[in-house]
Protein chains: 2
Amino acid sequence: MRVGVFDSGIGGLTVVKSLLEHQLFEEIIYFGDTARVPYGSKDKNTIIRYAIEAVEFFKNFELDLIIVACNTVSAYALSEMQESADCPVIGVVEAGVLATTNAMKNRDANIFIIGTNATITSKAYENGLRSNEFSNLYAKATPLFVPLVEERLFSGEILNATIKHYFSDVTKPDAVILGCTHFPLISDAISEYFGEGTSLIHSGDAIIELLEHRFDFYKTYPTPQLKFFASENPEALRKIAKEWLNV
Amino acid sequence: MRVGVFDSGIGGLTVVKSLLEHQLFEEIIYFGDTARVPYGSKDKNTIIRYAIEAVEFFKNFELDLIIVACNTVSAYALSEMQESADCPVIGVVEAGVLATTNAMKNRDANIFIIGTNATITSKAYENGLRSNEFSNLYAKATPLFVPLVEERLFSGEILNATIKHYFSDVTKPDAVILGCTHFPLISDAISEYFGEGTSLIHSGDAIIELLEHRFDFYKTYPTPQLKFFASENPEALRKIAKEWLNV
């Protein structure tokens, strides 16, 4: 199986990391739209336009599947991408909803969703979770976490002050949905803030659950081929991929 | 006189504010490339391409002057814009260099330059200041200030932690060049950190100095016409302009 992974920037590499750990694909083709990142503050029509351009790009590769690693794109443009593509397209939002549903047996669980402005405004997670009978939901845009991760401030005073800024009015949740691919990189600090009894839902792990739920995998590929593309500065993307993914 | 003001986003409104205070123009046409902001992390060729597109857009208006309010564009694409435009094009970097030169009589003054990654990498301020015989220069990219301003965190714990993060290894300077149009909005906190004896150089004020140095203004216009354009969500830009500029 040959899979394409699409993200607005580098954050989707956290999804690639999970794919590599589970060795589900023979070839992984990553495309980051680094020239136009971030998508999280853009409007719906722009996001859809860029997402369809990504589908067109992937048509060069005869893919078996496209994974949308970007929450913002998954929230706004998944059905448009599915219409344009000649292969299945799955996204991290449906994956996150499934993973939350699997993790929280109690439908009264208190679920806290964080993401970019665009993802939170879309209410995509809330709609998905409500369809699965969850009702105790609270969503909040936490856009500053993105540049903090891009500056590699995965711990320390600025991150802690930012966590306090966003979370101080939040009741301790049973689960936090990390609704942006950047956020797994600060999951330790978020876990520490809320303490034991709060589960974190990570897009990369959630995608694996969705893949195993939806597709049959007859074999694994211990050394998948990796190809990285970026709309700007692909060298920088490849360097970060090397560092994060150890490849 | 009819002037065009170009910025990658909303930050250039701080320059418009200075223009309004000095009533130098009959009509101000602002264009913010909000669909593709931020430029500060993009590469040189992309910045030049976008800047030339802005010049093409301004050709619709028979302008007398274009002011590049974005430091990143001024640092990388000013001469390319000057070649493409049919009117003079001036930028905040040359303005900041002039304003610093006027403010600091002593050429041994200790000058600290802050800006986006792209602006600092360009060394545009340093090259300009060295030509004016300053040599005691220190430049540092402070990219996190941009999203903090966009989140309107003009004071408080996160901003103070970020200031400490960037400035704790910096010797108290005689002047700080606010080399990004977002930074005047956090100038109070920066002033407070360094205390008395440190001057702040603000792009908007610097542009006024450069205009008065370079052009003759025979009259002022108490109620200039304002037009705001954006490559995405112009309504949001107009709303922020109303709020910041009191128009």
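Please refer to the structure higher up on the page.
In this report, the structure presented in the accompanying data block is examined. All figures in this text were calculated on a predicted structure; none of them were measured in a lab.

With that settled, the discussion passes to the sheet that holds strand β5 (residues 111–115) of chain A. All names here are of chain A. Spatial strand order, β6-β5-β7-β8: four strands in an open sheet with parallel pairing. Looking along the sheet, the strands with just one partner apiece sit at the ends: β6 (137–141) and β8 (199–201). Recorded for the sheet is a direction-independent mean angle of 20 degrees between the axes of neighbouring strands. Contacts from helix α4 (residues 92–103) reach β5, β7 (175–179) and β8, with the element oriented near 155 degrees to β8.

What follows covers the packing of aromatic side chains. Residue and element names in this part refer to chain A. Enumeration over the complete set of coordinates arrives at 40 aromatic pairs over all chains. Judged by centre distance (6.1 Å) and plane angle (55 degrees), the rings of Tyr30 and Phe228 are tilted. Residue Tyr30 is found in strand β2 (residues 27–32), and its partner Phe228 is found in strand β9 (residues 225–230); the two are separated by 198 residues along the sequence. The exposure class of Tyr30 is buried, given its relative accessible area of 0%. Members of the aromatic cluster, each reached through a chain of ring pairs, are Phe6, Phe31, Tyr39, Tyr50, Phe57, Phe58, Phe61 and Phe229. Just above the ring of Tyr50 sits the side chain of Arg36; from NZ or CZ to the centre is 3.6 Å.

Let us now look at the nonpolar core. By size, the foremost hydrophobic cluster in this structure holds 76 residues, and its most contacted members are Leu13, Leu19, Ile67, Val73 and Leu211 of chain B. Among the elements that take part in this core, helix α2 (residues 44–58) of chain B stands out by supplying seven residues, more than any other. Among all residues touching Ile67 of chain B, those that are not within four sequence positions of it are Val3, Gly4, Val5, Phe6, Val15, Leu19, Ile90, Ile207 and Leu211 of chain B. Formed by 74 residues, the second largest nonpolar core is a distinct cluster that contains Phe58, Leu65, Val89 and Ala124 of chain A.

On to the interface of chain B and chain A. The interface is formed by 25 residues belonging to chain B together with 25 residues belonging to chain A. Taken together, both faces of the contact between chain B and chain A bury some 1800 Å²; the carbon and sulfur share is 56%. Contact with chain A buries surface across chain B, with Leu144, Ile158 and Glu232 of chain B losing the most and accounting together for 28% of the total. Our count for the contact surface shared by chain B and chain A stands at two salt bridges. We note a salt bridge from Glu157 of chain A to Lys164 of chain B, for which the minimum N-O separation is 2.9 Å. Put simply, chain B and chain A have 10 residue pairs in polar contact (both at pLDDT 80 or more) between them. Looking at the side of chain B that touches chain A, the elements that each hand over two or more residues are α2, α7 (145–150) and α8 (157–167) of chain B.

With that settled, the discussion passes to helix α9 (residues 187–194) of chain A. All names here are of chain A. Turning to α9, its buried residues are Ser187, Ala189, Ile190 and Phe194. Across the axial projection of α9, the buried residues extend over an arc of 160 degrees, all falling on one side. When the buried face of α9 is taken as reference, the exposed residues oriented beyond 90 degrees from it are Asp188 and Glu192. One or two steps after α9, the chain reaches Gly195, where phi turns positive at roughly 80 degrees.

Omega for the peptide link from Val37 of chain A to Pro38 of chain A comes to 0 degrees, which places this bond in the cis form. Structurally, Pro38 of chain A can be placed in the loop between β2 and α2 (44–58). Phi at Lys123 of chain A takes a positive value of approximately 60 degrees, unusual for a residue other than glycine. The residue Lys123 of chain A is located in the loop between α5 (117–122) and α6 (124–131) in this model. If you check the backbone angles, Asn246 of chain B has positive phi at about 60 degrees while not being a glycine. Position of Asn246 of chain B among the secondary structure elements: in the segment after α11 (234–245).

So, about the packing of α4 of chain A against helix α10 (residues 203–214) of chain A. Residues and elements named next belong to chain A. Interhelical geometry of α4 versus α10 gives an angle of 85 degrees and a closest axis separation of 8 Å. One finds that α4 runs roughly perpendicular with respect to α10. Between α4 and α10, the contacting residues are Val92, Glu94, Ala95, Gly96, Leu98, Ala99 and Asn102 on the first element and Ser203, Ala206, Ile207, Glu209, Leu210, His213 and Arg214 on the second. Its residues placed into classes, the contact of α4 with α10 shows seven nonpolar, four polar and three charged.

It is worth spelling out the relation of the copies chain B and chain A at this point. Here the second copy of the chain follows from the first by a rotation about an axis and a shift along it. Screw-axis analysis of chain B against chain A gives a translation of 0.0 Å along the axis, an RMSD of 0.0 Å, and a rotation angle of 180 degrees. The two molecules are tied by a two-fold rotation axis, judged by turn and shift. Most of the interface of chain B is mirrored in chain A, where 100% of its interface residues again form contacts.

Looking now at the layout of surface pockets. Residue and element names in this part refer to chain A. Approximately 160 Å³ is the volume attributed to the second largest pocket. If you go around the second largest pocket, the residues you meet are Leu13, Thr14, Lys17, Ser18, Glu21, Pro184, Leu185, His202, Asp205, Trp244 and Leu245. Partitioned by chemical class, the residues of the lining of the second largest pocket number five nonpolar, three polar and three charged.

Procedures and definitions
- Residues numbered from 1 in each chain as written.
- Chains lettered and ligands numbered in written order.
- Predicted model: local features only at pLDDT ≥ 70, side-chain atom pairs only at ≥ 80, totals over all residues.
- Heavy atoms only, no water.
- Pairing = 2+ DSSP bridges.
- Helix = DSSP H or I, 4+ residues; strand = E, 2+ residues; numbered from the N terminus.
- Axes fitted to C-alpha atoms, helices over the stretch in contact; angles between N-to-C directions.
- Contact = heavy atoms within 4.5 Å.
- Phe/Tyr/Trp six-rings, centres within 6.5 Å; stacked < 30°, edge-to-face > 60°.
- Buried < 20%, exposed > 50% of the residue type's maximum accessible area, 1.4 Å probe, protein only.
- Lys NZ or Arg CZ within 6 Å of the ring centre and 35° of its normal.
- Core = buried A, V, L, I, M, F, W, Y, C linked by side-chain atoms within 4.5 Å.
- Buried area = accessible area lost by both parts, 1.4 Å probe.
- Salt bridge = Lys/Arg side-chain N within 4 Å of Asp/Glu carboxyl O.
- Polar contact = N/O pair within 3.5 Å; in protein donor to acceptor, adjacent residues only side chain to side chain.
- Arc of directions from axis to C-beta.
- Parallel < 35°, antiparallel > 145°, perpendicular 65-115°, else oblique.
- Nonpolar A, V, L, I, M, F, W, Y, C, P; charged D, E, K, R; others polar.
- Least-squares fit on C-alpha atoms with pLDDT ≥ 70 in both.
- 1 Å grid on protein atoms, 1.4 Å probe; cavity = no way out; pocket = protein on both sides within 12 Å on 5 of 7 lines; lining within 4 Å.
- Points joined across faces, edges and corners; volume = space filled by probe spheres on them.

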